[in-house]
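A structural walkthrough
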Amino acid sequence: MGEKIRIGALISGGGTNLQAIIDSCESEKIDGKIVFVGTDNPEAKGLARAAKHNIPTFVVDYSSIIREYRKNPGEMRLPGDFEMKDLLSRISLFPPETDSEKKEKFIATRAIAEAELIKKMKPYPFDLLVLAGFMRNLTPYFIDRINTDPGNPRIMNIHPALLPAFPGTDGYGDTFRYGSKIGGCTVHFIDYGEDSGPIIGQRSFQIDPDDTIDSIKKKGLALEWELYPECIRLFAQKRLKTVKMTYKRDDGKEVKRTVVKILKCEQ
Ligand code: GAR
């Protein structure tokens, strides 16, 4: 067995995925250790879970940063190494018709918050950052400062739907309302879009006629608690490789996509 990987986690809420990851580290299912838990939400219940396991925690209060910016945009100090034009050209979180003032406000407030996150993460070097119910989109400002080794992404997210269906903030709700007959969850690496990065693993469940949003959330979460630790375990075993693929469709169009290949276990 090699050295334990160091895992940082960001949460916004109850932290049941965080708990599953903590338990999997403690039972050595994952050869890893959680080195910090950060949140955008001072009320996040998951903070107590971290504290119980003596994991350092911190808060970057996104809502108050966004409120302050609305009141006094001129007063807010943007990070020194921030370049709006460059970020605008790379971010792909917005529909094409979004006006640039809205985009600029979003990027400025998020970069202020993200610079704060980076500052608070600094004392805790890590190999992998897991988003465990972290309900904020990350901009290229943050992503590029974490993914410093090209071709080796290291920010993972869990999403409550079978991506690329139902990205966004309410995956199980959107799955249910659409009338889908199966639902599921997805673990993927983060890229510049919303829930659009290379897929690492997925689990699915049947949606029965008498299911409700609550019952499908229950089914989904139970699968998330298995899937996330499994994907982190693959990362710790260095078995996740991202590969840029180019495919030709029957209609002649080229499709380019970065995908995750899962390598066989070294014996
Ligand atoms: C989970 O269902 C997770 O998939 C979802 O939030 C919930 C967090 O629960 N994440 C997202 O929607 C991300 N866009 P938890 O705090 O109990 O782990």
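Everything that follows concerns the structure shown earlier in this document.
What follows is about the site of the ligand. In the vicinity of the ligand, 13 residues are found, and the nearest of them are Gly15, Thr16, Asn17, Pro160 and Glu224. Between glycine 14 and the ligand, the recorded distance is 3.4 Å, taken from a backbone N or O atom to an oxygen atom. Within the contact set of the ligand, an oxygen atom lies 2.8 Å away from a backbone nitrogen or oxygen of glycine 15. Across the complex, the protein chains shield 85% of the 450 Å² of accessible surface that the ligand would expose by itself. For the shell around the ligand, the class distribution of residues is four nonpolar, eight polar and one charged.

Overall, mixed pairing links the seven strands, which are arranged β3-β2-β1-β4-β5-β6-β7 in an open sheet. Two strands in the sheet have a free side with no partner beyond their single neighbour: β3 (57-59) and β7 (199-206). Across the sheet, the mean angle separating the axes of adjacent strands is 20° when strand polarity is ignored. When strand β1 (residues 5-11) meets strand β2 (residues 32-39), the two strands line up parallel, connected through seven bridges. Across the sheet, residue isoleucine 11 finds its bridge partner in β2, namely threonine 39. Where helix α1 (residues 16-26) meets the sheet, it contacts β1, β2, β4 (128-131) and β5 (155-159), and its direction lies at approximately 160° from that of β2. Sitting on the sheet, helix α5 (residues 100-121) is in contact with β1, β2, β3 and β4, with an inclination near 160° to β3.

The next subject is the side chain of glutamine 19. By the secondary structure assignment, glutamine 19 is in helix α1. Only 3.2 Å separates the side chain of glutamine 19 from the side chain of arginine 49, close enough to count as a polar contact. Excluding residues that lie within four positions of it along the chain, glutamine 19 makes contacts with Arg49 and His53.

This next bit is on helix α3 (residues 62-71). Turning to α3, its buried residues number three or more, namely Tyr62, Ile65, Ile66 and Tyr69. Along the axis of α3, the buried residues cluster in a sector spanning 95°; they form a single face. Against α5 lie the buried residues of α3.

A few words on the pattern of salt bridges. All chains considered together, the criterion is met by 15 salt bridges. Here glutamate 254 ties to lysine 256 by a salt bridge, and the two come within 3.8 Å at their closest N and O atoms. Judged by relative accessible area, lysine 256 falls into the exposed class, the value being 62%. In this structure, a network of salt bridges that share partners links the residues Asp86, Arg90 and Asp144.

Conventions and cut-offs
- Residues numbered from 1 in each chain as written.
- Predicted model: local features only at pLDDT ≥ 70, side-chain atom pairs only at ≥ 80, totals over all residues.
- Heavy atoms only, no water.
- Near = heavy atom within 4 Å.
- Polar contact = N/O pair within 3.5 Å; in protein donor to acceptor, adjacent residues only side chain to side chain.
- Areas by Shrake-Rupley, 256 points an atom, 1.4 Å probe, with all protein chains shown as cover.
- Nonpolar A, V, L, I, M, F, W, Y, C, P; charged D, E, K, R; others polar.
- Pairing = 2+ DSSP bridges.
- Helix = DSSP H or I, 4+ residues; strand = E, 2+ residues; numbered from the N terminus.
- Axes fitted to C-alpha atoms, helices over the stretch in contact; angles between N-to-C directions.
- Contact = heavy atoms within 4.5 Å.
- Buried < 20%, exposed > 50% of the residue type's maximum accessible area, 1.4 Å probe, protein only.
- Arc of directions from axis to C-beta.
- Salt bridge = Lys/Arg side-chain N within 4 Å of Asp/Glu carboxyl O.

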